[in-house]
Amino acid sequence: MAFNLADQYYVKALEVYDYDLEEVIINLNYALSYDPDHSGANELMGRIYMDQFRQFDKARIYLEEAIASDMNNIRACESLAQLFICIREFPAALKLIDFSITISGARRDQWLRLKSLVFEMKKEYSQTLAILEQAKEECVCSDYTSFLNDEIRRVKNKLRDSQIVKYTFN
């Protein structure tokens, strides 16, 4: 497979993503001028609008375009799911997460952790814990297992605190 110009500019954008935002945007604009449907370039531009500029409407446009161009783009699905969670569109987030778990190569443990965030934000801590336990069962990485254990402890503390508050005020 030969790289076209859009791919080359996308790779240049990826190379400098962590330290030169201006160069990233220039390269992404070139990539998208050569191929407006370039899934990777749209995903990265969406992440920039979401993470750097906090312009969620623009981020959503780019991320949805990335997925429309390639429904199996796991990064685009993850970024859009994170956006949905951030803007509290929980039904859309859950629907996308449930779809994304089925994509070949998707790490179920990470998608389940993302799903647990939805329930945590809805203050459904028991459901959150159940999903985190399921994620831990799927996990094959000791570092990520440790991270999930920390998440479980943190959510258990929230559950305990919410029960104390209920008891105190009732």
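For the structure given in this document, a descriptive report is provided here. As the structure is a prediction and not an experimental result, all values here were calculated from the model. (Residues numbered from 1 in each chain as written. Predicted model: local features only at pLDDT ≥ 70, side-chain atom pairs only at ≥ 80, totals over all residues. Heavy atoms only, no water.)

**Observations concerning helix H6 (residues 90-100)**
Phase 1: Every buried residue of H6 is listed here: Phe90, Ala93, Leu94, Leu96, Ile97 and Ser100. Buried positions in H6, seen along its axis, are confined to an arc of 165° and lie on one side of it. Those residues of H6 that are exposed and aimed more than 90 degrees away from the buried face are Pro91 and Lys95.
Phase 2: Packing partners of the buried residues in H6 comprise helix H4 (56-69), helix H5 (74-86) and helix H7 (108-121). (Buried < 20%, exposed > 50% of the residue type's maximum accessible area, 1.4 Å probe, protein only. Helix = DSSP H or I, 4+ residues; strand = E, 2+ residues; numbered from the N terminus. Arc of directions from axis to C-beta. Contact = heavy atoms within 4.5 Å.)

**Examining the packing of aromatic side chains**
The geometry of an aromatic ring pair is captured by two quantities: the separation of the ring centres and the angle between the planes.
Phase 1: If you walk through the whole model with that rule in mind, you get five aromatic pairs.
Phase 2: An aromatic cluster is built from Tyr9, Tyr30 and Tyr34, whose rings are joined through pairwise contacts. (Phe/Tyr/Trp six-rings, centres within 6.5 Å; stacked < 30°, edge-to-face > 60°.)

**Comments concerning the state of the cysteines**
Phase 1: The tally for this structure, following the rule as stated, stands at zero disulfides.
Phase 2: This cysteine, Cys86, is not joined by any disulfide, and Cys77 carries the nearest cysteine sulfur, 18 Å off.
Phase 3: Not engaged in a disulfide, the cysteine Cys141 finds its nearest cysteine sulfur in Cys139; these two sulfurs lie 5.7 Å apart.
Phase 4: For Cys141, a relative accessible area of 30% corresponds to the partly exposed category. (Disulfide = S-S within 2.5 Å.)

**Section: helix H2 (residues 21-34)**
Phase 1: Given a rise of 1.5 Å per residue, 14 residues ought to cover 20 Å, and the 20 Å separating the end C-alpha atoms of H2 matches this to within 8%.
Phase 2: Val24, Asn27, Leu28, Ala31 and Leu32 are the residues of H2 that are buried. Viewed along the axis of H2, the buried residues span an arc of 135°, placing them on a single side of the element. Projecting away from the buried face of H2 at angles above 90 degrees are the exposed residues Glu22 and Ser33.
Phase 3: Those residues of H2 that are buried lie in contact with helix H1 (5-15), helix H3 (39-52) and H4. (Expected span 1.5 Å × (residues − 1).)

**Some thoughts on the pattern of salt bridges**
Phase 1: Scanning all chains against the criterion turns up 14 salt bridges.
Phase 2: Salt-bridge contacts for Glu138 lead to Arg108; the nearest nitrogen and oxygen are separated by 3.3 Å. Of this pair, Glu138 sits in helix H8 (residues 125-138) while Arg108 sits in helix H7; the two residues are 30 residues apart in sequence, bridging distant segments of the chain.
Phase 3: The partly exposed category is assigned to Glu138, whose relative accessible area is 35%.
Phase 4: Note that Lys136 is salt-bridged to Glu133, the shortest N-O span being 4.0 Å. Here Glu133 and Lys136 lie together in helix H8, a separation of three residues that amounts to about one turn. (Salt bridge = Lys/Arg side-chain N within 4 Å of Asp/Glu carboxyl O.)

**Overview of unusual backbone geometry**
Phase 1: Positive phi is not limited to glycine here, since Arg54 has a value of about 55°.
Phase 2: The topology assignment puts Arg54 in the loop between H3 and H4.
Phase 3: The exposure class assigned to Arg54 is partly exposed, which follows from its relative accessible area of 48%.
Phase 4: Despite not being glycine, Lys123 shows a phi value in the positive range, around 65°.
Phase 5: Residue placement: Lys123 occurs in the loop between H7 and H8.
Phase 6: On the basis of relative accessibility, which here comes to 61%, the residue Lys123 falls in the exposed class.

Any functional reading would require information that these geometric values do not contain.
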